[in-house]
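# Fold and geometry: a report
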Amino acid sequence: MNNELLELWGKSFSQCLEGLPLTLSLTFVSLLIGGLLALPLSVIHSRRTTWQAKLVRLFTFFFTGTPLLVQLYIFYDGFGGLGWVQNLMTQDGFGFLRDAYFWVLLGLTLNTAAYSTIIFSGAINNTEYGEIEAGRAYGMSSFQVMRHIVLPSSLRRALPAYSNEVILMLQATALASSFTLFEITGQAVRFNSTHYQPFVAYIPAAIMYLIMTYILVLVFKALEKRYLAHLRPRSH
C-alpha cells in the first residue's frame, strides 16, 4: 500500500469523523423525543378497543408499514413543499423549516415513536395480572397502578426489544445523506464524489457504525443485567 493510498484512508476516516456529531444528534434527539411520545401512546395503544387506541394504531400502522426513506421524502419534499409552509419559512422564528435537519429529524422521531409504541404496548399487555392486583390491594388508583407498577415493570422487560430499535435508528440516520445532510454516510458520499474511491470512502464509515453499534450492545447488556436480573432463572 503506497503512501498516497494511506493518505487517502486517513482523509476518509477524518472526513467521516466530521459527520459523527450530526449522526449522534439525529440518533439521540429522535430517540429522546420519540421515546417521550411513545410512553403515553403505548398506554393508549394497549387499551385496544377505544377510539383513541384505533387512532394510535393507525399512526403505528403507517409508520411501521411504509419504508422510512419514503416517509422522509413525504416530510422533506411533501410537507416542505406546501405553499403555506414555504410562506411560513419567510416569517421570523420559522427559519428552521428551511433546514433539512428539521424534516429528517421529524421523520426519524415519528418513525421511532411508532415502533417504540408497539414495543412498550406489548410489554404493558404482558404485565403479570398479579402485579396489578397487588397495587389495587394497596388502594392505588388505575393511574397510580399504571405509573408506579405497570410502566416501570414493562419498560424493564421492553429493554431487549428496545435495544434493537435504538441500533436500527442509529443505522437509519444514514438515510439523511439523501437530503443534503453530511452525517457519517453523507461525508463518505462526499469523499467518494471527490476521489472516486468507494472502498476507501465507505469502509471507514462502516467501521464507525460497527463501533457505535458494539458500544450500544454493551450498554444495553449492562442495563439488562441490572434491571432484568430478577427474570433470570436461579442457579442451584
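Please refer to the structure placed before this passage.
Presented here is a report on the structure given in the accompanying data block. Since we're looking at a predicted model, the values are computed, not measured.

What follows deals with the overall build of the protein. The helix and strand inventory of the protein stands at 11 helices and zero strands. Starting at the N terminus and walking to the C terminus, you meet the elements of the protein as α-α-α-α-α-α-α-α-α-α-α. Each principal axis of the C-alpha atoms in the protein carries an extent, and together these give about 70 × 60 × 30 Å. Taken over 236 residues, the protein has a buried fraction of 39%. Considering only contacts within the protein whose residues lie at least 6 apart along the sequence, 76% involve residues at least 24 apart. Of the roughly 13800 Å² that the protein leaves accessible, carbon and sulfur atoms contribute 65%. Between the centroid of the 16 positive side chains of the protein and the centroid of its 12 negative side chains there is a distance of 15 Å.

Where two aromatic rings form a pair, the distance of their centres and the angle of their planes describe that pair. Under the counting rule described, the total for this entry stands at 10 aromatic pairs. Centre to centre, the rings of Y76 and F179 are 5.2 Å apart; their planes meet at 75°, and the pair counts as edge-to-face. On the criterion of sequence distance, the pair formed by Y76 in helix α4 (residues 68-78) and F179 in the loop between α9 (159-172) and α10 (184-195) is long-range, its members being 103 residues apart. Using a relative accessible area of 1% as the deciding quantity, one classes F179 as buried. Ring geometry for F96 against F102: centres 5.0 Å apart, planes inclined by 65°, an arrangement best described as edge-to-face. In this structure F102 comes out as partly exposed when scored by relative accessible area, which is 26%. Each residue in the set F59, F62, F63, F75 and F79 is aromatic and connected to the rest through ring pairs, giving one cluster. Across from the ring centre of F182, 3.7 Å away, lies the NZ or CZ of R190, which sits over that ring.

Turning our eyes to something else, we now look at a nonpolar patch on the surface. A cluster of nonpolar residues, F13, F199, I203, I207, I211, I215, V219, L223 and Y227, forms a patch on the protein surface that exposes about 760 Å² of accessible area. Structurally, F199 can be placed in helix α11 (residues 198-227). F199 gets classed as exposed once you look at its relative accessible area, which sits at 64%.

Positive phi, close to 60°, is recorded for T180, a residue that is not glycine. Relative to the elements of secondary structure, T180 occurs in the loop between α9 and α10. Its identity as a non-glycine residue notwithstanding, Y196 has a phi of 55°, on the positive side. Considering the arrangement of structural elements, one finds Y196 in the loop between α10 and α11.

It is worth spelling out the pattern of salt bridges at this point. Taken as a whole, this structure holds two salt bridges when the rule is applied. Between K11 and E7 there is a salt bridge, with its nearest N and O atoms 3.8 Å apart. Residue K11 and its partner E7 are both found in helix α1 (residues 3-18); the two are separated by four residues, about one turn of the helix. As a salt-bridge pair, E133 and R136 come within 3.5 Å of each other at their nearest N and O atoms. Of this pair, E133 and R136 are both found in helix α7 (residues 129-137), three residues apart, which corresponds to roughly one turn of the helix. By relative accessible area, E133 is classed as partly exposed at 35%. Here R136 falls in the partly exposed class, since its relative accessible area comes to 46%.

With that settled, consider the environment of G135. Within the secondary structure, G135 is located in helix α7. By relative accessible area, which is 1% here, G135 ends up buried. Sequence-wise, G135 and Q52 are 83 residues apart; in three dimensions their C-alpha atoms are separated by 25 Å. In this view, G135 contacts M140, V145 and I149; residues no more than four positions away in its chain are not counted.

Calculation rules
Residues numbered from 1 in each chain as written. Predicted model: local features only at pLDDT ≥ 70, side-chain atom pairs only at ≥ 80, totals over all residues. Heavy atoms only, no water. Helix = DSSP H or I, 4+ residues; strand = E, 2+ residues; numbered from the N terminus. Buried < 20%, exposed > 50% of the residue type's maximum accessible area, 1.4 Å probe, protein only. Contact = heavy atoms within 4.5 Å. Areas by Shrake-Rupley, 256 points an atom, 1.4 Å probe, with all protein chains shown as cover. Lys, Arg positive; Asp, Glu negative; His and termini not counted. Charge placed at Lys NZ, Arg CZ, Asp CG, Glu CD. Phe/Tyr/Trp six-rings, centres within 6.5 Å; stacked < 30°, edge-to-face > 60°. Lys NZ or Arg CZ within 6 Å of the ring centre and 35° of its normal. Patch = residues over 30% accessible without salt bridge, like charges linked within 9 Å, V, L, I, M, F, W, Y side chains within 5 Å. Salt bridge = Lys/Arg side-chain N within 4 Å of Asp/Glu carboxyl O.

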